[in-house]
2 protein chains.
Amino acid sequence: MPTLDICFSPELLPLFDLKGKVAVVVDVLRATSSIVTALAAGVTHMMPFSELAECRAMAAQGYLTAAERDGRQAEGVDLGNSPFGYLDGVVAVQGRAVAITTTNGTRALHLAAAADEILVGAFLNLGAVADYLRQLNQDVVVVCAGWKGHFCLEDTLFGGALAARLAAEGGFDTTSSDATLAALDLWAAAAPDLSGYLLRSAHVRRLNSLEAHQDMEFCIRQDQYDLVPVFRNGRITA
Amino acid sequence: MPTLDICFSPELLPLFDLKGKVAVVVDVLRATSSIVTALAAGVTHMMPFSELAECRAMAAQGYLTAAERDGRQAEGVDLGNSPFGYLDGVVAVQGRAVAITTTNGTRALHLAAAADEILVGAFLNLGAVADYLRQLNQDVVVVCAGWKGHFCLEDTLFGGALAARLAAEGGFDTTSSDATLAALDLWAAAAPDLSGYLLRSAHVRRLNSLEAHQDMEFCIRQDQYDLVPVFRNGRITA
């Protein structure tokens, strides 16, 4: 039976052997939520970059640019890291490609390169990710983007929610790592009031603003989009 | 108000600035539990080593040697990593010094070197550690030894139990990091039946034997010993 393990920080990824496994990269607040939303809103594909300068340079190739550093939109780019940037109509995104760089999420995508397949996960596409993982039927490692390498509740809770979905229908072993056991218990504690639970978290308080709270409320909605972004050959497509 | 943060793995320690802070190193199963027990049983001091050869060499200086690799006692040493080694009378430990090396715990002690003060924590001396931290009144980082760098439930639960003790009497901020919030919630879930909870954990199943279960039941007893081992200048003393 394939296993589901959870890596709480990109800094711990060297401990995981991703070869032959599926990586689900998650940065609930907000990179992977934004990526899912962007592709649902008609963006053709996205290219994640680690460096701001590389991301900005893609404008010359006709890309929209999206960049966040320390929770704020970087200067000289079209979009920040809010999923609403792909929904509010201020920037026309349909049919466009987007180059993106964020503090944590895009780095995690690149660090997962050794995996057989790299999926982009968020609460917004939780069910779609679970369904796809069941089809693939391979060992899974959820790669939490965290905050500058630190453990983050929201990404861990996504891991717990995914493990709970997969465990509920059988076919996956979610008991073989302490990280997964912990995430399942945290998810059980948080699920009845996910918003209230996350309002205590360090990251949510760090993004303490009206925009951030709207983003958070949006990013924790489950199963809004029935698509699974896949990161292959430098590109994320649905 | 001083804060309590928790580092879930020695691999994450580079993210923490330990300067001016107190580190509480914990390896519940079993290094720090054994160290607390050893000092309570009359061992004069302990010297932790990363390398087995260094540890063994201390026999020539009159030290008892204690060594564990992958859960088992190493060859050619006096003691393994079970706290009962200091209690069962097979080896006379009173008044002796002990050189010790273990897979995870002794490494974590050395990695915490940047801290102002390094304490050795375990459930066995939980209350004594909490009392001493209140006296010191400095920021605290609980350093979980983990298992070969991986997140471990038992060390995290110690962090949660310590945070709960300190939070209950006020004077410490246990809400400023997601790691501490998570550990507190896991402790709340585990505390009513800590033994049953840990029987699910990967590490406990890894040490799946009668001896390991006896060790586990002993190591999760709270407040058995009223002493706080301190690691200074290469030596651990009470």
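Definitions and cut-offs
The numbering scheme is per chain: residues are counted from 1 as the chain's sequence reads. The order in which chains are written sets their letters, starting at A; the order in which ligands are written sets their numbers, starting at 1. This being a predicted model, a pLDDT of at least 70 is required before a residue's local features are given, and a value of 80 or more before pairs of side-chain atoms are given or counted; all residues contribute to the totals for chains, interfaces and linings. The basis for every side-chain value is the complete set of heavy atoms in the structure, and neither hydrogens nor water enter the calculation. UniProt positions are given in the numbering used here, feature names are shortened, and annotations may be inferred rather than shown by experiment. In this description, a line fitted to the C-alpha atoms serves as the axis of each element, helices being fitted only across the stretch in contact, and the angle between N-to-C directions of two axes falls anywhere from 0 to 180 degrees. Starting at the N terminus, helices and strands are each numbered in turn, a helix being any DSSP run of H or I of at least four residues and a strand any DSSP run of E of at least two. Angle categories: roughly parallel below 35 degrees, roughly antiparallel above 145, roughly perpendicular from 65 to 115, and oblique for all the rest. By definition in these notes, contact holds between two residues if any of their heavy atoms fall within 4.5 Å. Basically, the charged four are Asp, Glu, Lys and Arg, the nonpolar ten are Ala, Val, Leu, Ile, Met, Phe, Trp, Tyr, Cys and Pro, and anything else, Gly included, counts as polar. A simple way to read buried area is as the amount of 1.4 Å-probe accessible surface that goes missing from two parts once joined, with both sides added. Here, a salt bridge means any side-chain nitrogen of Lys or Arg that lies within 4 Å of a carboxyl oxygen of Asp or Glu. What qualifies as a polar contact is a pair of N or O atoms within 3.5 Å, subject to a donor-acceptor requirement within protein and to the restriction that residues adjacent in sequence count only when both atoms come from side chains. Alignment of the copies relies on least squares applied to C-alpha atoms, considering only residues that score at least 70 for pLDDT in both. We call a pair of cysteine sulfur atoms a disulfide whenever their separation is within 2.5 Å. When accessible area is computed with a 1.4 Å probe and restricted to protein chains, residues below 20% of their type maximum are described as buried, those above 50% as exposed, and intermediate ones as partly exposed. What a helix is expected to span follows from its residue count: subtract one and scale by 1.5 Å.

- The name recorded for chain A in an unreviewed UniProt entry is Probable 2-phosphosulfolactate phosphatase, from Hymenobacter rubripertinctus.
- The heading Catalytic activity (unreviewed entry) in the UniProt record of chain A holds the text "(2R)-O-phospho-3-sulfolactate + H2O = (2R)-3-sulfolactate + phosphate".
- Comment text from UniProt for chain A, heading Sequence similarities (unreviewed entry), reads "Belongs to the ComB family."

## Re the packing of helix 5 (residues 153-168) of chain B against helix 6 (residues 178-190) of chain B
Residue and element names in this part refer to chain B.
Line of reasoning, step 1. Two elements in contact, helix 5 and helix 6, have axes whose closest approach is 7 Å; the angle formed by their N-to-C orientations is 95°. Comparing the axis directions of helix 5 and helix 6 gives the class roughly perpendicular. In this structure, helix 5 uses Thr156, Leu157, Gly159, Gly160, Ala161, Ala163 and Ala164 to contact helix 6, whose residues at the interface are Thr180, Ala183, Leu184, Leu186, Trp187 and Ala190.
Line of reasoning, step 2. Of the residues contributing to the contact of helix 5 with helix 6, the split by class is 9 nonpolar, 4 polar and no charged.

## Observations regarding unusual backbone geometry
Line of reasoning, step 1. Geometrically, the link from A:Leu29 to A:Arg30 is a cis peptide bond, its omega value of 10° lying close to zero.
Line of reasoning, step 2. One can find A:Arg30 in the loop between strand 2 (22-26) and helix 1 (31-40).

## Let's talk about the interface of chain A and chain B
Line of reasoning, step 1. Counting residues at the interface gives 27 residues for chain A and 28 residues for chain B.
Line of reasoning, step 2. Carbon and sulfur atoms supply 63% of the area buried between chain A and chain B, which totals about 2,100 Å² over both sides.
Line of reasoning, step 3. Contact with chain B buries area across many residues of chain A, yet A:Leu15, A:Phe151 and A:Asp178 alone supply 27% of it, more than any other trio.
Line of reasoning, step 4. Across the contact surface, chain A and chain B share 2 salt bridges.
Line of reasoning, step 5. Measuring nitrogen to oxygen at the nearest pair gives 3.1 Å for the salt bridge that ties A:Asp185 to B:Arg200.
Line of reasoning, step 6. Viewed at the interface, chain B and chain A are joined by 6 residue pairs in polar contact (both at pLDDT 80 or more).
Line of reasoning, step 7. Secondary structure elements with two or more residues in the side of chain A that touches chain B: helix 5 (153-168), helix 6 (178-190) and helix 8 (202-206) of chain A.

## Considerations on the relation of the copies chain A and chain B
What relates the pair of chain copies is a rotation about an axis plus a shift along that axis.
Line of reasoning, step 1. Superposing chain A onto chain B requires a rotation of 180° together with a translation of 0.0 Å along the rotation axis, leaving an RMSD of 0.0 Å. This pairing of chains is accounted for by a two-fold axis.
Line of reasoning, step 2. Same-surface contact between copies: 100% of interface residues of chain A are shared with the interface of chain B.

## What to know about the state of the cysteines
All names here are of chain A.
Line of reasoning, step 1. The tally for this structure, following the rule as stated, stands at 0 disulfides over all chains.
Line of reasoning, step 2. Of all cysteine sulfurs in the structure, the one in Cys7 sits closest to Cys144, which takes part in no disulfide; the separation is 7.1 Å.
Line of reasoning, step 3. Residue classification places Cys144 among the buried residues on the basis of a relative accessible area of 0%.

## Structural notes on helix 5 of chain B
Residue and element names in this part refer to chain B.
Line of reasoning, step 1. Compared with the 22 Å implied by 1.5 Å per residue over 16 residues, the 22 Å span of helix 5 between its first and last C-alpha is a close match.
Line of reasoning, step 2. Of all 16 residues making up helix 5, 12 are buried, and the element is well covered by its neighbours.
Line of reasoning, step 3. At the C-terminal side of helix 5, Gly170 shows a positive phi close to 75°.

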